[in-house]
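Residue-level structural notes
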Amino acid sequence: MKVMLVDDSKTMRNIQKGILTQLGYTDLEEACDGLDALSKVGAFQPELLLVDWNMPNMDGLTFVKKFREQGNKAPVIMVTTEAEKSRVVEAIKAGVNNYVVKPFTPDLLGERIKETLSRIAA
Amino acid sequence: MQDFLTESGELIEQLDADLVRLEAAGSPEEAQELCNGCFRALHTIKGAASFLGLTAVTTFAHAAEDTLNRLRKGEVDVTEEVMDALLQSSDIVKGMIDQLSEGEEAHEGPKELIDTLHAIAEGKTDTAGAPDSQPTGTGSTDDTQGPDQEANTDDSKPGTPLNLGPQKIDLLEFMITDIQDASKQIGEAVEGLCNDATREESASHLAEVCEEMEKTAEFFELDELTSLIKVLASVALKLNDSSHESIQEITIRIKAAKFLIDQQAESLNDQRALSWPLETLCARLTQLAEDGSIDPQVKGQHQGDVQALLVLDGVIQEQAGAASQPQVEASPAPAETTDALAPGSQVSEDKQPAKKEEAKAAEKTDKDTGSRSTAKPVAEQTIRVEVSRLESLLNLVGQLVLNKNRVLALTRNIKDLPIAPETAEDFSDAAGDLDHLMSELQVSVMRTRMQPLAKLFDRYPRVIRDMARMTDKKINLEIVGKDTEVDKSVLEQLADPLVHILRNSSDHGVENPEDRKAAGKNETGTIHLEAEHQGSHVRVAITDDGKGLDREVLGQKAIEKGLTTPEKLEQLADEDVFGFIFGAGFSTAKQVSDLSGRGVGMDVVRTNINKLNGTINVMSKKGQGTTIEILIPLTVAIMPAMVVGVGDHVYSIPLQSIVEIVRPEPEEVKSVSGHPVMRLRDIVLPLVDMRQRLDEPPIEDGGRFAVVVAVGGQRVGLCVDRLVGQQEIVIKPLDDSFTQGGPFSGATIQEDGEVCLILDVVQLIRNSTSSFSSETKTAA
């Protein structure tokens, strides 16, 4: 399973990486903002993306829109803060499959990933 | 008895709101519906009252009911006199109920009013001879609309329960409105499709709406809906090339789809997903869009009726041949939907209203049953609980949370103790589960206290109407966002201030029709009442398009009252000058009217809002109107917070207002007119040195964190020494005298039993930005 982490904070990516490794996902790619991610999806062909909302250059919402416009179907989990929660609706319309509110526990993220993937498999 | 009192109280409120709407109702159908609602409310009250032997209430309700009955049959017109009498009677019944709830015997209602009511009810007996003059509501409803309205009839809740994660359920509410919006847009697009000139535009609009909704449906795992909308979207893209003939076949199917979407949205309220056998419908739609062909056997069979089509395409099942009745007008729709989705409901009753020749009496009973079942699915299943019990429950949960925090802290320590690692692990597992369950328990308990602002807002049309009548003005009240939910305590505290503000707006703000005309405005003034969630706050804004506040007059008055000096006045910003209106005894009205002008009202407003830790802003443009904006924290007594350290102490910052946490390098921090700022991505972020703010001695260290908090659109960074961690905190209110000067909104108890103050983000932001702006102003 190829997973892509899109977040401008290295710390956050490391945390996510740790959790994902624990969950058995080791084929990971990182991107530090939406633009970076867009340039990498073509080569990496991720099967799951964790995308932060608030990023420089291109935010998560714009990224998801562009990503979907290109016809990509891979599931996207949006990582939001409590404050952005009310805007999740916008993200859904852009094509987000699930979301998780920061800060999250490893269990919670694992659950969301499982939930999202089982949905795609079905 | 207690049940009767609470129920009647609610009914009366509903009645009040409905009556006001009735007066303004545009279409006869709407009026009819409202009339029925009012009638039912009164009838229930009367029934219960007579059962309890409350003759005073019974007589009165009966008189009002008679009048309403005439109104309902269309024998009496909706005039201001009639409405006055009805509204007064609703007031009187309310008064009686209040008396009863205080344990007194209800007084007899004023005889004159009963007489007036009787006069209205009987006065026009001569017109009663023509019972068929008025269209019978159900029979005449347009076919495409009929099913939509009647779709509520299935009260046995069809479909299967949704199986979604809690984070998705959380958003469900948003989505229901969203889907309904989209469905409305589909409806509009379909209208446009029928017209060649607008077809292209409508088709692309339709495609757009469908694409968004597809993602929404997918997110909520509604497979049936997703596939249906997918088909719609693909059809929409091909519509331009379709022939006129096939367009008709297509639009009726889109309408059918819209109907299904509406139904799904409805059952989402109950967190249930519907499913239908959609294959035929989808296949036919796709086929039609591809080459415009359709099985000649089904072509035109639906007669333009959505229900008939749904049966035709095998989405819902035909019942007892009812759908094949070719009369389009008779709208047998409601019965079928009910039966197809929820077997065992009344077929015969619902069909009867269609027959116009039916005797009036029979029709009345029919309508009653019909409308009652319409009301049912809307009314949720509720039980009444005393508020005090909820309060104590909340308190207990609060204590539990603190205890849970202690257990979690102990668990962290236990690992260092010399005990078997298995035991330690088991222990931390158990603690983890406890944590999980506690947070769910908390959310559920908090939810029980949330109530929609509609409870307040629904009373205001009446207030405004009365004001308008008394002052001979024309005022229109627009209400937006009454679904916004707030804590019960907030709701109660908001009631009075809002009435005062609305009164002020209508009495002082909106001008007389003549003045408005002279000023080139619409004769009818508009007051706009709006509520929304904004971060961790609720924002309520009241905007009128009246004459606005006059800085000169206010300033003059303020000087008279000794609130300021002419020199200081010069320096004050407009907003600060307008702020004077909240002073006690401050009134610029030359004469005290019945309604307002004694200068008490706005003082009450300020006091109440302050009690809620809220803020008020007044914005006004002379001649154009005034906006009064209230920001209130969502006083949820338990919330997640970030615990930070400043000096030797720790403080909590509500997580809801935290946007992110950054670590500014010393060289990134710049200074603008003496205030520290930093650049965060593309904005300049003002920084607040918490050490300085909290009177801690400054120390030399680089590793400080900036917690970026936001309220409304404003952001500041709070510089703190340490980040301790995230924690659930239970807010204990602090008396104002303890927080004087300090930016604290309350206190909480920590894991180790220490007290920790909660930082008031709103105040911090306000202070930092106001000192910022005022100084830049003087600098300029």
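First, a word on what this report is: a plain description of the structure on this page. (Residues numbered from 1 in each chain as written. Chains lettered and ligands numbered in written order. Predicted model: local features only at pLDDT ≥ 70, side-chain atom pairs only at ≥ 80, totals over all residues. Heavy atoms only, no water.)

1. Overview of the overall build of chain B
- A count of helices and strands for chain B gives 29 helices and 20 strands.
- By residue count, 46% of the 780 residues in chain B fall in the buried class.
- Considering only intrachain contacts with a sequence separation of at least 6, the fraction spanning at least 24 residues in chain B is 69%.
- Split by element, the accessible area of chain B, about 38600 Å² in all, is 50% carbon and sulfur. (Helix = DSSP H or I, 4+ residues; strand = E, 2+ residues; numbered from the N terminus. Buried < 20%, exposed > 50% of the residue type's maximum accessible area, 1.4 Å probe, protein only. Contact = heavy atoms within 4.5 Å. Areas by Shrake-Rupley, 256 points an atom, 1.4 Å probe, with all protein chains shown as cover.)

2. Remarks on the sheet that holds strand β4 (residues 76–80) of chain A
Residues and elements named next belong to chain A.
- Spatial ordering of the open sheet is given by β2-β1-β3-β4-β5, a layout of 5 strands whose pairing is parallel. Where the open sheet ends on each side, the last strands, each with one partner, are β2 (27–31) and β5 (98–101). Strand-to-strand twist in this sheet, taken as the mean axis angle between neighbours without regard to direction, amounts to 20 degrees.
- Where β4 lies against β5, 4 bridges are found, and the strand directions are parallel. Following the sheet pairing, T80 is matched in β5 by V101.
- Along the sheet face, helix α2 (residues 34–44) touches β1 (2–6), β2 and β3 (48–52) and points at about 150 degrees away from the line of β2. (Pairing = 2+ DSSP bridges. Axes fitted to C-alpha atoms, helices over the stretch in contact; angles between N-to-C directions.)

3. Thoughts on helix α1 (residues 10–22) of chain A
Residues and elements named next belong to chain A.
- The terminal C-alpha atoms of α1 lie 18 Å apart, and with 13 residues this matches the ideal 18 Å at 1.5 Å per residue to within 8%.
- The secondary structure elements touched by the buried residues of α1 are β1, β2, β3, β4 and α5 (106–121).
- G24, located one to two residues past α1, shows a positive phi value of around 100 degrees. (Expected span 1.5 Å × (residues − 1).)

4. With respect to the sheet that holds strand β4 (residues 475–480) of chain B
All names here are of chain B.
- Judged by pairing direction, the sheet is mixed, and its 5 strands sit side by side in the order β4-β6-β7-β9-β8 without closing on themselves. Each having just a single partner strand, β4 and β8 (615–621) make up the two edges of the open sheet. Between one strand axis and the next, the sheet turns through 15 degrees on average, direction left out of account.
- Of the pairings in the sheet, the one linking β8 to strand β9 (residues 625–633) comprises 7 bridges and is antiparallel in character. Within β9, the position partnered with N617 by the bridge is E629.
- Across the sheet, helix α20 (residues 460–471) is in contact with β4 and β6 (525–534); its angle to β4 comes to roughly 165 degrees.
- Together, β4, β6, β7 (537–544) and β9 form the strand contacts of helix α21 (residues 488–509), whose direction differs from that of β7 by roughly 15 degrees.

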